[in-house]
Amino acid sequence: MVQSIKRLVALPPILFLLLLHAPVYGSITGKIAGEVVDIESGEPIEGATVRVLGTNLSTMTDIDGDFFIINVPGGKYDVNVTYVGYDQMTQTDVRVLVDLTTPVDFDLRAGAIELPKSVVVSAANPVIQRDMTESKVTFTADQLKDLPNIVTVQSVLSNYPGVIVDANDNLHVRGGRTGQVAYLFDGFSIQDPFVSSAGLRVMPAALEELSLISGGFSSEYGEAMSGIVNAITREGGADYHGGIKAYEGLTHQYDVKTGDWKDLDLYQSRAATFNLSGPVPGMDSKKYNFFTAGEYLRDPSYLPANWSIAYTGTAKLTTQPLAKMKIKSNFTYSKVDGLAYNHRDNNGISYDFNLDGTPAFDRDAYLAGISANYVVNDRMVLSTVVNTFSTRTLTAPGHLMDKYWTEWPGYSVDDTGAYNGTIHEDNYWGAPDFSDAMQASQFTVDDDFLPIYQYRRAKYNSFKISAINQLNKGHQLSSGIEWRKYDISWDSKQFFNRNPYGEKYSSRPAYASAYFQDKMEYDYFIINLGARLDYNNSDIEYNASSRSRDTALALGPAKFETSESHYRFSPRFGVSFPISEKSMMHFNYGVYFQEPRYTQMYENLEGDITTGLPRLGNPNLEPERTTSYEIGLDHLIGSDLRLDLTAYYKDIEELVTTRSYYNLGTSPITVYDNDDYGAVKGIDVSLEKLPTSGYLSVSLSYSYMLTEGNGSYAEEPYYTYITSNTDTLAPVTSYPLDFDQRHTMTASMSYRVPADWKESILGASIPGDWGMSMVGHYGSGLPYTPTDAQGNRLGERNETRLPAYYTVDMRFNKNFQLSSGDYKVGFFVEVDNLFDRRNVLNVYSRTGKPDDDGNDQVAGLSTSQSDLDYFDRLYDHDPQNYSSPRTIRTGLEFTF
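The model shown is predicted, which means the values in this text are computed figures rather than measured ones.

## Here we look at the overall build of the protein chain
- Scanning the protein chain from N- to C-terminus turns up 9 helices and 51 strands.
- For the protein chain, the C-alpha radius of gyration of 30 Å lies close to 29 Å, the compact-globule estimate for 896 residues.
- The dimensions of the protein chain, computed from C-alpha atoms along their principal axes, are 105 × 95 × 55 Å.
- Counting across all 896 residues of the protein chain, residues that qualify as buried make up 53%.
- Summarising the internal contacts of the protein chain: among those between residues at least 6 apart in sequence, 69% fall at separations of at least 24.
- Just so you have it, the protein chain exposes about 38,900 Å², and 56% of that area is on carbon and sulfur atoms.
- For the protein chain, the distance from the average site of its 75 positive side-chain charges to the average site of its 114 negative ones is 4 Å.

## A look at the side chain of Asp-192
- Here Asp-192 lies in strand β15 (residues 191-192).
- A distance of 3.1 Å separates the side chain of Asp-192 from the backbone nitrogen of Phe-194, its partner in a polar contact.
- Contact partners of Asp-192, with chain neighbours within four places excluded, come to Ser-197, Gly-199, Thr-391, Arg-456 and Ala-458.

## A word on the nonpolar core
- Counting residues in hydrophobic clusters, the biggest one holds 47 residues, and the most contacted among them are Leu-157 and Leu-210.
- With sequence-adjacent residues up to four places away left out, Leu-157 is seen in contact with Val-163, Leu-171, Tyr-183, Leu-210, Leu-212 and Val-229.
- Core analysis: the next-biggest nonpolar cluster, separate from the first, contains 19 residues, Ile-45, Val-79, Met-89 and Leu-108 among them.

## Digging into the pairing of strand β4 (residues 66-73)
- Counting buried positions over the 8 residues of β4 gives 8, a clear majority of the element.
- Pairing between strand β1 (residues 29-38) and β4: 6 bridges, direction antiparallel. In the sheet register, Gly-34 faces β4, and the bridge partner there is Phe-67.

## Some thoughts on helix α9 (residues 865-876)
- Spanning 12 residues, α9 covers 16 Å between terminal C-alpha atoms, matching the ideal 16 Å at 1.5 Å per step.
- Within the sequence span of α9, burial applies to Leu-868, Phe-871, Asp-872, Leu-874, Tyr-875 and Asp-876.

## Structural notes on a nonpolar patch on the surface
- A cluster of nonpolar side chains, namely Tyr-522, Tyr-524, Phe-525, Phe-577, Ile-579, Met-585 and Ile-631, defines an oily patch on the protein surface of about 720 Å² accessible area.
- Of note, Ile-631 is situated in strand β38 (residues 624-637).

## Looking at the environment of Thr-847
- Within the element layout of this structure, Thr-847 appears in the loop between β50 (824-832) and α9.
- Spatially, the C-alpha atom of Thr-847 lies 69 Å from that of Met-283, the residues being 564 residues apart in sequence.
- Those residues within four positions of Thr-847 in sequence are excluded, and the remaining contacts are Asp-852, Asp-853 and Gly-854.
- A polar contact of 3.2 Å, which involves the side chain of Thr-847, links it to the backbone nitrogen of Lys-849.

## Here's the deal with empty space enclosed by the protein
- Under the defined criterion, the tally for this structure stands at 3 cavities of 30 Å³ or more.
- As a volume, the largest cavity reaches approximately 480 Å³.
- Lining the largest cavity are 40 residues, and of these Glu-223, Arg-484, Tyr-486, Tyr-511 and Glu-595 lie nearest its centre.
- Here the lining of the largest cavity takes 4 residues from strand β32 (residues 526-537), the largest share from any one element.
- Each residue belonging to the lining of the largest cavity can be placed in one class, and the counts come to 19 nonpolar, 10 polar and 11 charged.
- Of the voids in this model, the second largest cavity is the one considered here, and its volume is about 50 Å³.
- Lining the second largest cavity are Gly-175, Arg-177, Gln-180, Ile-652, Leu-655, Gly-678, Ala-679, Val-680, Glu-708, Gly-711, Leu-737 and Phe-739.
- Of all the elements in the fold, those that place two or more residues in the lining of the second largest cavity are β39 (641-664) and β40 (667-689).
- At 3 residues, β40 tops the list of elements feeding residues into the lining of the second largest cavity.
- A class-by-class count of the residues in the lining of the second largest cavity yields 6 nonpolar, 4 polar and 2 charged.

## Examining unusual backbone geometry
- Here Asn-604, not a glycine, exhibits a phi torsion of approximately 55°, which is positive.
- In this structure, Asn-604 sits in the loop between α7 (598-602) and β37 (615-616).
- The class for Asn-604 is buried, based on a relative accessible area of 4%.
- For Asp-836, which is not glycine, the phi torsion reads 55° and is therefore positive.

## As for the side chain of Ser-583
- With respect to the helices and strands, the residue Ser-583 is situated in strand β36 (residues 583-594).
- Of the residues examined, Ser-583 reaches a relative accessible area of 10% and is grouped as buried.
- The residues contacting Ser-583, other than those within four sequence positions of it, are Phe-577, Pro-578, Asp-634 and His-635.

## A word on the confidence of the model for the protein chain
- Per-residue confidence for the protein chain gives a mean pLDDT of 87, with 91% of residues at or over 70.
- For the stretch residues 1-25, pLDDT sits under 50, and the model shows 45 contacts to residues farther than four places along the chain or on other chains.

## Remarks on the pattern of salt bridges
- One pass over the structure, following the stated rule, counts 46 salt bridges.
- The partner of Asp-364 in a salt bridge is Arg-392, and the shortest N-O contact between them spans 2.5 Å. Note that Asp-364 is positioned in strand β26 (residues 359-377) and Arg-392 in strand β27 (residues 380-397), a separation of 28 residues in sequence. The burial state of Asp-364 is the same as that of Arg-392; both residues are buried.
- One salt bridge connects Arg-498 with Glu-425, and the closest N-O pair in it is separated by 3.6 Å.

## Regarding the sheet that holds strand β17 (residues 207-215)
- Taken together, the 5 strands give an open sheet; going across it, the order is β10-β17-β18-β13-β14, and neighbouring strands pair in mixed fashion. Unpaired on one side and paired on the other, β10 (135-140) and β14 (188-189) mark the two borders of the sheet.
- Alignment of strand β13 (residues 181-185) against strand β18 (residues 227-233), held across 5 bridges, turns out to be parallel. Bridge pairing in β18 links Val-181 to Gly-227.

Quick notes on the rules
- Residues numbered from 1 in each chain as written.
- Predicted model: local features only at pLDDT ≥ 70, side-chain atom pairs only at ≥ 80, totals over all residues.
- Heavy atoms only, no water.
- Helix = DSSP H or I, 4+ residues; strand = E, 2+ residues; numbered from the N terminus.
- Rg over C-alpha atoms; globule rule 2.2 N^0.38 Å.
- Buried < 20%, exposed > 50% of the residue type's maximum accessible area, 1.4 Å probe, protein only.
- Contact = heavy atoms within 4.5 Å.
- Areas by Shrake-Rupley, 256 points an atom, 1.4 Å probe, with all protein chains shown as cover.
- Lys, Arg positive; Asp, Glu negative; His and termini not counted.
- Charge placed at Lys NZ, Arg CZ, Asp CG, Glu CD.
- Polar contact = N/O pair within 3.5 Å; in protein donor to acceptor, adjacent residues only side chain to side chain.
- Core = buried A, V, L, I, M, F, W, Y, C linked by side-chain atoms within 4.5 Å.
- Pairing = 2+ DSSP bridges.
- Expected span 1.5 Å × (residues − 1).
- Patch = residues over 30% accessible without salt bridge, like charges linked within 9 Å, V, L, I, M, F, W, Y side chains within 5 Å.
- Salt bridge = Lys/Arg side-chain N within 4 Å of Asp/Glu carboxyl O.
- 1 Å grid on protein atoms, 1.4 Å probe; cavity = no way out; pocket = protein on both sides within 12 Å on 5 of 7 lines; lining within 4 Å.
- Points joined across faces, edges and corners; volume = space filled by probe spheres on them.
- Nonpolar A, V, L, I, M, F, W, Y, C, P; charged D, E, K, R; others polar.
- pLDDT = per-residue confidence, 0-100.

Okay, here's the thing in structure tokens:
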């Protein structure tokens, strides 16, 4: 009885704490705030009604004429104000950005009570965002539709300052390693924890807003050290809108038989997308709305046997069953399959003359979630969110995708279950399907295939409970908790020698987080003050003996232990100082943690050290840590020129790496550990000419960045230093990392002509409703380390640089009005790499050239020197050492 009473007494404070919380997942809403005054006297108007048209969001002004509306989904709205005795006023196209406050002020004119006028004006959205305490760049739907080269989200992100895409097409934000960016889709995490990248394809055409926070992200965001990508899909409204878009592509494909690119031609690259939104038929248009979009994308690439076919669909249903309750249901599915070309594999074998032998992949993912918001009053919104996410990837030989590796031809085992098959001999070392000249150049032909199998699946179920409490116009409190339970599976096998290596495991790791955020908005400063707590439990048993630094214990009997859990506390602080209507400064400080990839924690749990150069995962890896400082200035020069200047410094610790603890015979045994570090400092400068008058808008961004540390990626010591004759230990001093690109620049230009444009040339009228956009990128050379013929380092690490990189993309479109309504049909042309520049992305470390590895072959008795020279040239000429050639997409689009 006493225990029951204690539980009842404890229940109210627990429920209060839960209801106080706001979503830990990414925010998808913003706030509208402003003032309503009499235009003649300047006196505030109390009791005026402010409505967001097309929604059920509304409020009334207070005694000072102030108002605010919270929990407004990101997008474009019309905001209306009415008050008895005054003309009503509507501001159109008010843009609400996620996490930010949009100021909207109204000056009402007194009018006749019987016949009040209706005044409609276009909203002047703020150029200087007063409450921006972080580095955040946002592309809205209006901007995305006019950008060239937006087939993928990553191609859009490459336009942001401080973003670098390396030779392997990996994304780095402000000097961070690849995999240090968190991807959110409608506020839900879509991260594949095995590889720390997006596990679900995001359609740019379905987005209302795409943002990247590269510095100073608030405490509601976690699981990332370099950046937060937040992709927000559209919502349905009271009217029906939609569109259909399709295109066909041309490019210069690479010919493996000549080692050159072919002429520009069609190459079966095509896509079709659709979207439709509006009210649910037969239901109240303000209470029941939907948005849906779908995409078919066939991208064969310019590389041989490097194609993918993607099917993606998303749907969002918004309902309001009660006056104060709003429910959103989201479902997205994506399936991508294809072939992955690699000119040379890790052992130097090339499949250019046996393209069917390259590995195939099959990926599918889905996201389903339901969120319910309850408006307690004008100042407080409660919400609960439940969602599930799953991503699965299978990689195997194309003709064996439907077979498990035990069913492959050539697989067999002896009486003890040990492998005694011929897969490695038939398809890899000692394969008979080489001509003499080909064998010397390491080409394989006929029915050989790359003998690898890999299956991974990661699924999580998540529950969040939330509240946002706007205490007054200038003070908003939020906090939050989330519980996430994963279900992961891994199964892999590779037959590269007589002792094929593989592993199979499953686990149910757990993740939880909580945060508190206090946003204070005053006339002279805005403060974002918060803190975050993260919990991780990898939940696995592993052989601790083999991972011991004590050689005697490591070689002793296996001792299995359960992995430890981790807690991390992260303070966050940001402040902005509006100096004037045209100037604002900001400063932020934050500590960010990120859990290591599952592949680094779970690899070789059994502690098998019988394979060559064994590598062991570490389930007890600590979260990686970044401490970041940033200061910036946002200034409007004149009326249409905006300057943004930001300086930052990042101290990166506890980075995952590989270290050798002892030797068994002559082979080092390597374990993942938190022993790497890095430091980044840089300056971002952006200059933007706003389209306030005329049709031209121009922007220019420049970044200077120094990225140094003692390791570019976790496996670098394993692949480089452990197997080197000269560098047997990892470096103890900092050096420029592989992604240390000192100078980057992006210039964009957009010229948009309205439908009512009236111009002529030589007496001939020129139609309106067309536009052209161009985006140019420049990047200084990335570093690399020269080596001799044996692979030993020459000089200091990464002391030599690749050539600089630049490219220009272009888009042109022309629309035609079909009727007096909003029906339009248009055509467009998009050109990637307009000037067809072959930028060098990588070189051979021995020669510093992209097409000569320095290993000249000498003909033997059974081969001719001409044949050998031919295959040797093709073997050296790696098309992946160059950037993509010119690619053209032409298509049609219908919108309404």
